[in-house]
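Spelled out, the chains give:
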Amino acid sequence: MNIDVDEIKFAENGLVPAIIQDAQTLEVLTLAYMNKESLEKTLATGETWFFSRSRQELWHKGETSGNTQAVEEIKYDCDQDALLVLVTPKGPACHTGAVSCFSQGVTERKTSLQDYHILQTLEKVIQQRQQERPEGAYTTYLFEKGVDKILKKVGEEAAEVIIAAKNRSHEELKWEAADLLYHLQVLLVEQDLPFTEVLKTLEGRHKDRS
């Protein structure tokens, strides 16, 4: 991360606001504060460190909860007095258990980036099932049967999506599409291909065509 700490303009109290944003969904996760030491620790460790104004001490995000944030990129604004930190979160950002601290709205949009966060959550659950293999779980069954079974299910669900679309049934189609996405996620995990790589491919195609 190419950032010179000495270029940052800290306030009189020695702090600079840091907006934490999910690097994949671009959802704003939280607003925190950093001093020079916490910024240096963030750069050195690759995980977010902040300064608590209430406790007057440094704190490592996720040190006790396990919900750490891997730093992908750090930017600062044109006045050099605010930071934008793009991260890959290992769990919820908010102490309430919500994905983002900004979960309460004065006004509401019909959709938000948080709606799509379920795809990342699903991937993590599937990865956990692959590692732990809990007895009785359907995902465990798929991994134990192997790639041929998973491929068969992907094909079956794709066919079900086609049938639902031909039937012009939104209710049927949304259920079958959800089943297809789930089994596709299982296949990607089995193949050790992160879902973010698929998203990057889509993003690259979009840029090439725009």
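Thresholds applied
Residues numbered from 1 in each chain as written. Predicted model: local features only at pLDDT ≥ 70, side-chain atom pairs only at ≥ 80, totals over all residues. Heavy atoms only, no water. Axes fitted to C-alpha atoms, helices over the stretch in contact; angles between N-to-C directions. Helix = DSSP H or I, 4+ residues; strand = E, 2+ residues; numbered from the N terminus. Parallel < 35°, antiparallel > 145°, perpendicular 65-115°, else oblique. Left-handed = near helix turned anticlockwise from the far one by under 90°. Contact = heavy atoms within 4.5 Å. Nonpolar A, V, L, I, M, F, W, Y, C, P; charged D, E, K, R; others polar. Pairing = 2+ DSSP bridges. Salt bridge = Lys/Arg side-chain N within 4 Å of Asp/Glu carboxyl O. Buried < 20%, exposed > 50% of the residue type's maximum accessible area, 1.4 Å probe, protein only. Phe/Tyr/Trp six-rings, centres within 6.5 Å; stacked < 30°, edge-to-face > 60°.

Student: Mind showing me how you'd approach the packing of helix α4 (residues 147-166) against helix α5 (residues 170-190) here?
Tutor: Helix-helix packing is characterised by the crossing angle of the two axes and by the distance between the axes. The contact between α4 and α5 brings their axes to 8 Å, and the two run at 160°. Relative to α5, α4 is oriented roughly antiparallel. Regarding α4 and α5, the two cross each other, and that crossing is left-handed. On the side of α4, the interface is formed by Val147, Ile150, Leu151, Lys153, Val154, Glu157, Ala158, Glu160, Val161, Ile163, Ala164 and Ala165, while α5 contributes Glu172, Leu173, Glu176, Ala177, Asp179, Leu180, His183, Leu184, Val186, Leu187 and Glu190. When the residues that make up the contact of α4 with α5 are grouped by side-chain class, the tally is 15 nonpolar, 1 polar and 7 charged.

Student: Teacher, can you tell me more about the sheet that holds strand β2 (residues 28-34) here?
Tutor: Neighbouring strands of a sheet are bound in pairs by backbone hydrogen bonds; such pairs are parallel or else antiparallel. With respect to topology, 4 strands assemble into an open sheet ordered β2-β1-β6-β5, the strand pairing being mixed. With partners counted over all chains shown, the strands left at the sheet margins are β2 and β5 (69-76), one partner each. Each strand of the sheet is rotated relative to its neighbour by a mean of 25°, with strand direction disregarded.

Student: Would you take a moment to explain the pattern of salt bridges for this structure?
Tutor: A side chain with one charge may pair with a side chain of the opposite charge, provided their charged atoms come close. Per the counting criterion, the structure on display carries 6 salt bridges. Here lysine 36 makes a salt bridge to aspartate 6, at a shortest N to O gap of 3.4 Å. Linking lysine 36 in helix α1 (residues 36-45) with aspartate 6 in the segment before β1 (16-22), this pair joins segments that are 30 residues apart in sequence. Look at lysine 36 and you get partly exposed, because its relative accessible area is 39%. Aspartate 6 gets classed as exposed once you look at its relative accessible area, which sits at 61%. One salt bridge in this structure joins glutamate 171 and lysine 174, with 3.3 Å as the shortest N-O distance. A residue pair is termed a helical-turn pair when its members lie 3 or 4 positions apart in one helix, as glutamate 171 and lysine 174 do in helix α5 at 3 residues.

Student: Explain the environment of leucine 86 to me, please; I cannot follow it from the model alone.
Tutor: If you trace the backbone, leucine 86 turns up in strand β6 (residues 83-89). Here the alpha-carbon distance between leucine 86 and leucine 142, two residues 56 residues apart in the chain, equals 34 Å. Not counting residues up to four positions away in its chain, the partners in contact with leucine 86 are Gln21, Ala23, Ala70, Val71, Glu72, Glu73 and Lys75.

Student: Teacher, can you tell me more about the packing of aromatic side chains here?
Tutor: To describe a pair of aromatic rings, you give the distance between the ring centres and the angle between the ring planes. As enumerated under the stated definition, the model contains 3 aromatic pairs in all. With a centroid separation of 6.0 Å and 25° between ring planes, the pair formed by tyrosine 138 and tyrosine 141 is classed as stacked. You can see tyrosine 138 and its partner tyrosine 141 sitting in helix α3 (residues 138-145), 3 residues apart, about one turn around the helix. Residue tyrosine 138 is classed as partly exposed on the basis of its relative accessible area, which comes to 37%. Under the relative-accessibility criterion, tyrosine 141 is labelled partly exposed at 34%.

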